[in-house]
Every structure is written in structure tokens, then in C-alpha cells.
Amino acid sequence: MSSSSEPVIDANLAVALDALLAEQSVTRAAARLHTSPAAMSRTLARLRRILQDPLLVRAGQSMVPTPRAQALRDEAAAVVHRLGALLAPGTGVDLAALRSTFTLQAADLVGAALTPGLLRLARQEAPGVSLRFRAEDLEAGPALRDGRIDLEVGSIDHVDPETRVEELVTLRMAAAVRPGHPLTEGALTPARLADAEHVVVSRRGRFTGPLDTALAERNLHRRVAVVLPGHMAAMALAARSDTVCLIPTAPAGAAPSPLTDVATTLGLRLLDIPLPLPPLTIGMAWHPRHAADGGHRWLRDAVRRTLHAPGSPAV
């Protein structure tokens, strides 16, 4: 086989050519690439055969590039730069140049809590990013796997070995009522809470939940007037009637949670429930193929910052 047919698709040759043309010295090029001058001399000989040009010629004590080498210098540098970008770890991203639409699946209350903060961060840091929220209408594991959603945020209740899950905040449940509601006057007891009219939030249409279990232990049963699929409608009803709506809020002594922003806007009063109820953990889940993607990493960090989860790992 003749030298003219020798394969030239070799990243190492491109890197060596760039070093030789930049340094115009076999010794300095060898030092730059952490190899020996003898090995670099052999590489220069191979490049000369492939390109059919001397590339560097002796001129006194130094070497000077041929016209062909001068013409190749900028192109070789650009190729090596592109190779570096191609083979670099994918953790970095130019947020200013990022153009992407991220699809998040979340309950309506979580979406309402996330959207203002995420939009603010996107405008400041990644103005080319658009957000699309989906209701909890997809089975999250398969939807994450096949790319129909990029991130699930909320109470993560599915167990899928390949899904990455990160807990963000732990909240407690409070009773939301309109101003002037009878429960705002006097001490709130389990019996008074049970006697009130309740609106239950359940996308599966269930009438009962942890509050009913806690009440039953005291031989109490609440009156559920209506079941609604989302918190937004339930809070709107509570603001216009004497129904009681349970909503997640920050633990006592913690910073306010953005999940109570809508309740505050509606003017609802939040009352401590005088019963031991299990906490609610809000987390996020994503498919591992996105773990190292720079844009997706920004999205996950933006969700952390929006939900005020200091100290969370920058996964």
C-alpha cells in the first residue's frame, strides 16, 4: 500500500500537527504533548508522508513552516479545539446560548409554586429556555425513560431502579380556611376540625387520607363535601366558602415555602392541625441519561433554588 493511501482520520495526528505548527520545534512540541522528542520526530515524519510536504524545514538553529504548513496552522488549531469540545465531559453549558424546552410533570400546586421562580432564573441565566408543565397524567417512570418528560417534581411514589430521585424539601400539612371562618376563633381541636366541612384533593377521586386515619384513632370522622383533582380549585373553593382545604406548608421555624404562595394570594388563613400527620416530602426524579447534560443540570439546580433547598448536592 502506498503512503498516499495511509489513513489520516487520527485525532492524535491532528493534535501533533497543531503542536508542531504552533511551536515550530520538535522539542517544544514534544514537551507540550508530554512525549519524547524522538517520538515527536517520528510523528513529524509520518505527517510529512501523509501530507506530502516537509511542513517544517531547518533554517539555521530553528525551523520554519512551509507555505503549506502556514495555510494549515489555523485549521489545525480549530480542529483540535473542536475535538476538545467533542470529547470533554458534558458538565458545562453556555447558558446564554442554550435553546431548549424542558417538560416537567407536577401537580398543579407544585407547578404554580415552581413557575415564577423558574421563569425568573431562566430570564437571568438561560433566556433561551422554555418550560412546559404537564399534569400528573403520565406514569412517570416510562415517561422519563422515553423522554416524554424531562423532570418529575412532587411526591415521588414510584420505585424504578434506573430513575434518579432526589429529595428536596419536607413539609407539613396545614388547614387552609377563609378569613372569618369559624375555625379561626378559639382553639382548634380535633373534634372541631372533624365537624367542619372539608374539600379533599385527590386526582384518583379518593375521599379519605392520612387526616381520616388520625381522626379515626380518636373515634372522629370528618365530613367531606367534595373531592377535587387539584389544589388550585380546592383553595379557590375554600376562599369562597366554609370548606377546609389541607395544603402543604413549611415546618414550624423554617423559611416560608413557595407552595403556600397561592394560598397567601387568595387570603387564606393557615391553621396548625392538632393531630400527628405524616410529613410530605417533595422531590424530583429524572432519567440517568440526563445526569451529565449541562442544560438538565441547570434545570435541576434551578428547581432546588426555587424550592429553597440549601445544601442539596449539585447532582
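Conventions used here
- Residues numbered from 1 in each chain as written.
- Predicted model: local features only at pLDDT ≥ 70, side-chain atom pairs only at ≥ 80, totals over all residues.
- Heavy atoms only, no water.
- Phe/Tyr/Trp six-rings, centres within 6.5 Å; stacked < 30°, edge-to-face > 60°.
- Lys NZ or Arg CZ within 6 Å of the ring centre and 35° of its normal.
- Axes fitted to C-alpha atoms, helices over the stretch in contact; angles between N-to-C directions.
- Helix = DSSP H or I, 4+ residues; strand = E, 2+ residues; numbered from the N terminus.
- Parallel < 35°, antiparallel > 145°, perpendicular 65-115°, else oblique.
- Left-handed = near helix turned anticlockwise from the far one by under 90°.
- Contact = heavy atoms within 4.5 Å.
- Nonpolar A, V, L, I, M, F, W, Y, C, P; charged D, E, K, R; others polar.
- Buried < 20%, exposed > 50% of the residue type's maximum accessible area, 1.4 Å probe, protein only.
- Polar contact = N/O pair within 3.5 Å; in protein donor to acceptor, adjacent residues only side chain to side chain.
- Pairing = 2+ DSSP bridges.
- Core = buried A, V, L, I, M, F, W, Y, C linked by side-chain atoms within 4.5 Å.
- 1 Å grid on protein atoms, 1.4 Å probe; cavity = no way out; pocket = protein on both sides within 12 Å on 5 of 7 lines; lining within 4 Å.
- Points joined across faces, edges and corners; volume = space filled by probe spheres on them.
- Expected span 1.5 Å × (residues − 1).
- Bend = angle between axes of the 7 residues up to and from the residue.

Caption draft 1: Representation of the packing of aromatic side chains in the model. Under the counting rule described, the total for this entry stands at 0 aromatic pairs. The ring of tryptophan 286 has arginine 300 lying over it, and the distance from NZ or CZ to the ring centre is 4.5 Å.

Caption draft 2: Summary view of the packing of helix H5 (residues 108-125) against helix H11 (residues 294-306). Viewed as axis vectors pointing N to C, H5 and H11 meet at an angle of 125°, and their least axial separation amounts to 9 Å. Regarding the angle of H5 to H11, the classification is oblique. Along this stretch, H5 crosses H11, giving a crossing that reads as right-handed. Here H5 contributes Ala113, Leu114, Gly117, Leu118, Leu121, Ala122 and Glu125 to the contact with H11, which in turn contributes Trp298, Ala302, Val303, Arg305 and Thr306.

Caption draft 3: The arrangement of the packing of helix H1 (residues 11-23) against helix H3 (residues 37-51) in detail. For the pair H1 and H3, the least separation of the axes is 10 Å and the interaxial angle reads 100°. In terms of orientation, H1 and H3 fall into the roughly perpendicular class. Where H1 abuts H3, its residues Leu13, Ala16, Leu17 and Leu20 lie against Met40, Thr43, Leu44, Arg46, Leu47, Ile50 and Leu51. Of the residues in the contact of H1 with H3, the class split is 9 nonpolar, 1 polar and 1 charged.

Caption draft 4: Main features of unusual backbone geometry. Even without being a glycine, glutamine 24 presents a positive backbone phi close to 50°. Residue position: glutamine 24 is located in the loop between H1 and helix H2 (26-32). Exposure remark for glutamine 24: the relative accessible area of 24% places this residue in the partly exposed category. The backbone of histidine 34 shows a phi angle near 55°, a positive value even though the residue is not glycine.

Caption draft 5: Representation of the side chain of histidine 181 within the structure. Among the secondary structure elements, histidine 181 is positioned in the loop between strand E6 (164-177) and helix H7 (190-195). Of the residues examined, histidine 181 reaches a relative accessible area of 3% and is grouped as buried. A polar contact of 2.7 Å, which involves the side chain of histidine 181, links it to the backbone oxygen of aspartate 242. Setting aside anything within four residues of it in sequence, one finds histidine 181 in contact with Asp242, Thr243 and Val244.

Caption draft 6: Up close: the pairing of strand E5 (residues 151-154). Across the two faces of E5 the burial is the same, with Leu151 and Val153 and Glu152 and Gly154 all buried. As paired elements, strand E3 (residues 100-105) and E5 share 2 bridges and run parallel to each other. Pairing of leucine 104 across the sheet is with leucine 151, part of E5. Here E5 pairs with strand E11 (residues 280-286) via 3 bridges, running antiparallel. Residue glycine 154 lies in a different strand from E11, and its bridge partner there is glycine 283.

Caption draft 7: Geometry of the nonpolar core. Ranked by size, the top nonpolar core spans 39 residues in total, and within it Val153 and Val303 carry the most contacts. Among the elements that take part in this core, H5 stands out by supplying 7 residues, more than any other. Residue contacts for valine 153: discarding those within four places in its chain leaves Leu104, Gln105, Ala106, Ala107, Val110, Leu114, Ile282, Gly283, Met284, Val303 and Leu307. One finds Ala29, Met40, Met63 and Ala76 within the second-largest nonpolar core, a separate group that totals 20 residues.

Caption draft 8: Geometry of the side chain of histidine 198. Structurally, the position occupied by histidine 198 is in strand E7 (residues 197-201). With relative accessibility at 0%, the residue histidine 198 sits in the buried group. Within the structure, histidine 198 has its side chain in polar contact with the backbone oxygen of leucine 193 (distance 2.7 Å). If sequence neighbours within four positions are ignored, histidine 198 has contacts with Leu193, Leu211, Arg222, Arg223, Val224, Ala225, Val226 and Val244.

Caption draft 9: Up close: the layout of surface pockets. Each pocket or cavity is described by its volume, and for the largest pocket that value is around 1,300 Å³. Taken together, 44 residues make up the lining of the largest pocket; nearest its centre are Ser155, Val201, Ser202, His231 and Leu280. Looking at the lining of the largest pocket, the elements with two or more residues in it are H5, strand E4 (129-134), helix H6 (140-145), E5, E7, helix H8 (210-216), strand E9 (244-249) and E11. For the lining of the largest pocket, the element with the most residues is H5, which contributes 4 residues.

Caption draft 10: Structural view of H5. Helix length check: H5 (18 residues) gives 25 Å between terminal C-alpha atoms against 26 Å at 1.5 Å per residue, within 8%. Helix geometry: H5 is bent most strongly at threonine 115, by close to 30°, with proline proline 116 lying one to four residues after it. Within H5, the full set of buried residues consists of Leu109, Val110, Gly111, Ala113, Leu114, Gly117, Leu118, Leu121 and Ala122.

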